[in-house]
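Residue-level structure breakdown
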Amino acid sequence: MAETASQAAPAIAIRDAAAHVGRSVRLRGWLYNLRESGQLLFPIFRDGTGLMQGVVFKKTASPELFERVRQLTQESSLEVTGTLRAEPRAPGGYELDVQDLVVLQAVAAAEPYPITPKEHGIEFLMEHRHLWLRSQRQVAILRVRHEVIRAVREFFDEDGFTLADAPILTPAACEGTTTLFEVEYFDDKAYLTQSGQLYAEACALALGKTYCFGPTFRAEKSKTRRHLTEFWMVEPEVAFAELDDIMNLAERLVAHVVERVLARRRPELAVLGRDTAALEKVQLPFPRISYDDAVARVNAAGGAMQYGTDLGGGDETLLARQFDRPVLVHRYPAAVKAFYMQPDPVRPDLALCVDMLAPEGYGEIIGGSQRIHDLDLLRSRIAAQGLPEEAFRWYLDLRRFGSVPHGGFGMGIERVVAWLCGIEHVRETIPFPRTIYRIYP
RNA sequence: UCCUCAGUAGCUCAAUGGCAGAGCAUCCGGCUGUUAACCGGAGGGUUGUAGGUUCGAGUCCUACCUGAGGAGCCA
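These numbers were taken from a predicted model, which means no experiment stands behind them.

Conventions adopted
Per-chain numbering applies: the sequence of each chain, read as written, is numbered from 1 onward. Written order determines the labels here, with chains lettered from A and ligands numbered from 1. Confidence filtering applies because this is a predicted model: local features only for residues at pLDDT of at least 70, side-chain atom pairs given and counted only at 80 or more, and all residues used for totals across whole chains, interfaces and linings. Heavy atoms throughout the structure, all of them, feed into the side-chain values; hydrogens and water do not. A cutoff of 4 Å decides nearness: a residue is near a molecule or strand if any of its heavy atoms lies inside that distance of it. For the purposes of these results, a polar contact is taken to be a pair of N or O atoms within 3.5 Å, where, inside protein, one atom must be able to donate a hydrogen and its partner to accept one; residues adjacent in sequence count only when each atom of the pair is a side-chain atom. For helices the rule is a DSSP run of H or I covering at least 4 residues; for strands it is a run of E covering at least 2, with both sets numbered from the N terminus onward. By the convention adopted, Pro, Cys, Tyr, Trp, Phe, Met, Ile, Leu, Val and Ala count as nonpolar, Lys, Arg, Asp and Glu as charged, and the other residues, Gly among them, as polar. We call two strands paired when DSSP finds no fewer than two bridges between them. The contact definition used throughout considers only heavy atoms, calling two residues in contact when any of these lie within 4.5 Å. Between N-to-C directions, angles cover 0 to 180 degrees, with each direction set by a line fitted to C-alpha atoms, over the stretch in contact for helices. Each residue's exposure class comes from its accessible area (1.4 Å probe, protein chains only) as a fraction of the maximum for that residue type: buried when under 20%, exposed when over 50%, partly exposed otherwise. Domain borders in the structure are assigned automatically or taken from a domain database. Note: buried area is the sum, over both parts, of the accessible area (probe 1.4 Å) each one loses when the two are combined. Think of it as the arc spanned by the lines of direction from the helix axis to the C-beta atoms. Classification of ring pairs rests on two measures: the distance between centres of Phe, Tyr or Trp rings, Trp counted by its six-membered ring, which must be within 6.5 Å, and the angle between planes, read as stacked under 30 degrees, edge-to-face over 60 and tilted in between. Placement of a positive charge over a ring is assigned whenever Lys NZ or Arg CZ falls within 6 Å of the ring centre and within 35 degrees of the normal to the ring plane.

1. What to know about the protein's contact with RNA strand B
Not every one of the 49 residues close to RNA strand B is listed here, only the nearest: Glu 95, Pro 117, Arg 218, Arg 225 and Arg 415. Taking the atoms of RNA strand B that fall within 4 Å of the protein, sugar and phosphate contribute 48% of them. For RNA strand B, a base nitrogen lies 2.9 Å from a polar atom in the backbone of Gly 38. One of the backbone N or O atoms of Glu 364 is found 2.7 Å from a sugar or linking oxygen in RNA strand B. Looking at the surface near RNA strand B, the elements that each hand over two or more residues are β1 (24–37), β2 (40–46), β3 (51–57), α3 (122–127), β11 (230–239), α11 (313–320) and β15 (363–371). Partitioned by chemical class, the residues of the surface near RNA strand B number 15 nonpolar, 14 polar and 20 charged.

2. Thoughts on the sheet that holds strand β8 (residues 182–185)
Read from one edge to the other, the open sheet built from 3 strands follows the order β7-β9-β8, with strand pairing classed as antiparallel. Every other strand in the sheet has two partners, leaving β7 (169–170) and β8 as the edge strands with one partner each.

3. Some details on the sheet that holds strand β12 (residues 288–290)
Across a sheet, paired strands are connected by hydrogen bonds in the backbone, their directions being either parallel or antiparallel. Here 8 strands make up an open sheet; going across it, the order is β6-β10-β11-β16-β15-β14-β13-β12 and the pairing mixed. Each edge of the sheet is formed by a strand with only one pairing partner; in this case those strands are β6 (162–163) and β12. Sheet analysis places β12 next to strand β13 (residues 327–330), joined by 3 bridges and oriented parallel. Across the sheet, residue Ile 289 finds its bridge partner in β13, namely Val 329. Those strands touched by helix α6 (residues 197–207) are β6, β10 (209–217), β11, β15 and β16 (406–412), and its axis lies near 35° from that of β11.

4. Examining the side chain of Arg 46
Examined against the element boundaries, Arg 46 turns out to sit in strand β2. Under the relative-accessibility criterion, Arg 46 is labelled buried at 6%. Among the polar contacts listed, one links the side chain of Arg 46 to the side chain of Glu 75, at a separation of 2.7 Å. Those residues in contact with Arg 46 that sit more than four places away from it in its chain are Ile 14, Gly 29, Trp 30, Tyr 32, Leu 51, Glu 75 and Arg 134.

5. Things to note about the pairing of strand β14 (residues 353–358)
Counted residue by residue, β14 has 6 buried out of 6 residues, so it is predominantly covered. Of the two faces of β14, the one holding Cys 353, Asp 355 and Leu 357 and the one holding Val 354, Met 356 and Ala 358 are both buried throughout. Bridge analysis of β13 against β14 gives 4 bridges, and the strand direction is antiparallel. From the neighbouring strand, His 330 faces β14, where its bridge partner is Val 354. Where β14 and β15 come together, 6 bridges link them in antiparallel fashion.

6. Digging into the domain arrangement of chain A
Domain boundaries assigned for chain A yield domain 1 (5–105) and domain 2 (129–428). Each of domain 1 and domain 2 has a C-alpha centre, and the two are 46 Å apart. Contacts between the two partners involve 8 residues from domain 1, matched on the other side by 4 residues from domain 2. Counting each side, the surface lost to burial between domain 1 and domain 2 is near 460 Å², with a carbon and sulfur contribution of 39%.

7. Overview of helix α12 (residues 375–384)
Buried within α12 we find Leu 375, Leu 378 and Ile 382. Looking straight down α12, one finds its buried side chains confined to an arc of 70°; they lie on one side. Set apart from the buried face of α12 by more than 90 degrees, the exposed residues are Asp 376, Ala 383 and Ala 384. Here the buried face of α12 lies against α13 (393–397). Among the residues of α12, the N-terminal cap falls to Asp 374, whose side-chain oxygen and the backbone nitrogen of Asp 376 are separated by 3.3 Å. Directly beyond the C-terminal end of α12, a positive phi value near 70° is found at Gly 386.

8. Remarks on the packing of aromatic side chains
Aromatic ring pairs are reported here in terms of the distance separating the ring centres and the angle at which the planes meet. A full pass over the atoms with the stated rule returns 13 aromatic pairs. For the ring pair Phe 155 and Phe 156, a centre distance of 5.2 Å and an interplane angle of 80° mean the geometry is edge-to-face. Classification of Phe 155 by relative accessible area gives buried; the value is 9%. Relative to Tyr 332, the ring of Tyr 291 has its centre 5.2 Å away and its plane inclined at 40°; by these criteria the two rings are tilted. Of this pair, Tyr 291 sits in helix α10 (residues 291–300) while Tyr 332 is found in the loop between β13 and β14, placing the two residues 41 residues apart along the sequence. Classification of Tyr 291 as buried rests on a relative accessible area of 0%. The buried category is assigned to Tyr 332, whose relative accessible area is 1%. Within the aromatic cluster, the residues linked to one another by ring pairs are Tyr 199, Phe 339, Tyr 340, Phe 392, Trp 394 and Tyr 395. The residue whose ring lies beneath Arg 399 is Tyr 395, and the NZ or CZ to ring-centre distance is 4.2 Å.

9. A word on unusual backbone geometry
Of the consecutive residues Leu 284 and Pro 285, the connecting peptide bond is found in the cis state with omega at -5°. One can find Pro 285 in the loop between α9 (276–280) and β12. The backbone of Phe 240 shows a phi angle near 70°, a positive value even though the residue is not glycine. Judged by relative accessible area, which is 63%, Phe 240 ranks as exposed. Of note, the phi angle at Arg 331 is positive, near 60°, even though the residue is not glycine. Relative to the helices and strands, Arg 331 is located in the loop between β13 and β14. Assessed through its relative accessible area of 23%, Arg 331 is described here as partly exposed.

Okay, structure coming up:
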C-alpha cells in the first residue's frame, strides 16, 4: 500500500518546494547527509536542484521505515515520499515529513562515499572529480557556466551573427607560436585546433557576421590557475570591422554576459559567496588605454615592465586593479603579436589589437584584432615569421577574392566563469578539466 | 622547461633523530529539533619509492615518482 501511495504523490524538484507546501510529494535524488538525535532522524536529500531536510520520528514512523532511514549511507540514491512543510529550523526553510522511502542503490558502508562534508585537498578532489561535481559549490559553478554560454549565444544570435563552427582537426598551426597536440590522421598527421579564427575569417566573408564556439587545445606546459590544456573559446569575426568596432563588440558582449548572470544566477553566486557588488559595476563603457599607457601605469604602480614586451600575469593584475570594470588595452607592439594583425597606420610598429583584462586579477579574458586584409602585406608577414606559405594558401585566397577590412576576437569561457564566480582556479569552471599533469577522470 | 613547496590511517593534519597520534569518515552504544550535530567506545599504518648516514630515521642526505603553487607562453 505504501508503494502505491508513493507512486501517487507527484514528483517535484526541490527548488520548487515553495509551491507544494502542505502537500504530499515525492523527491528523487540522493542522501546528502544524515543526522541522528535519539528518536529523531534528519536525512538531508539533494536532487540536483537543491537540498531538502527530511525528518523521521521513531514514535510515529514504522520501525521498518525508521531503520531503513537510519541505515542510509551518504550518496545512496533513493525516492522519498512525504508531506512538505514550512520549517524555519530546517536549512532552506522547508522540511519533508518522511512517510516512505525506497532505496534505489545503497552505497556500501564498507566502502563509503569518499567525499565527506569535511574539507579535502585539491589532489584528492581532482582524483574524484566525477563525484566532486555533486557538491553544492560545483553545481553552482556549472550553472553559472551554463548561463555564461547561454548569454554568449543569445548575444550573438540576436545581433545578426551566424554560428559557423571551425574544425577541431586542423592540418597545421594557426599561429605557429603555441605548441599543438598532434594526432594520427590516417596515414598523415593532424593537430587539435588552437583557434578557430582563421576559419572564422573565411566564414565572415561568406556570412558577414559569424562566430564559432568550441573546444580549443594548447599543449603549452602552462601550470597556473588561469590555464587548461583544453578550454572553450567563442570567436566572433566581422567583415568590414575595424579595431574600434571590435572593441565595441567585445565590451557589449561582456556587459551582456555579466548582466544575464546577475539576473538569472544570484542564488548560485550566493552559494559561491561571490560579492555581486563588484559585478554590478560592470557597466558600459569600459575604460580603454593604449599599450603605451598600460606600460606607464604598470610601472607607476610598482611594476617593472620593459617597453616592447607583453604584459605578464603580475603586470595584468597591477593594471586591472586600477579599474572597477574590465579594461581594454589596445595597440601592442606588433613584434610581440601574431602575424595576421593589421598594423596601425599611424604607428606601423603597433598592431591594431586589443586585450580585455578582467578586474580583480582574473587576467586576460579576451584577445582580438583587426586582421591584415592586404595580400602582399600578409604574405610578407608569413614569410617574416618563417611560416610555410603553402599551409596558408586558402587563407591567402581570402585576400585575393574580395578582401575587406575585418576583425574579431576570442573569449575564453573558463576565465570568464572563474571571474564571475570569484573562484581561484579555472579548473573548477569546466566539468572535467584537462591540465598538464592530469587527464583522469 | 625552470623555480618553490608537499607526500604519515579512507580524508584533513600532528609527531626535538628515541613507544606513529588526533579530528572527521566507518562500525557499536547514548540523546525527541539536529544545523560540517553532540557524547562514549571499537577497528583501521610497509610514514610515496629506492638507496645512504646513524646505536636508532616519519624526521637528516642523494636520486627518482606523484601532486600543488608560480614563471615563461597564452584565452
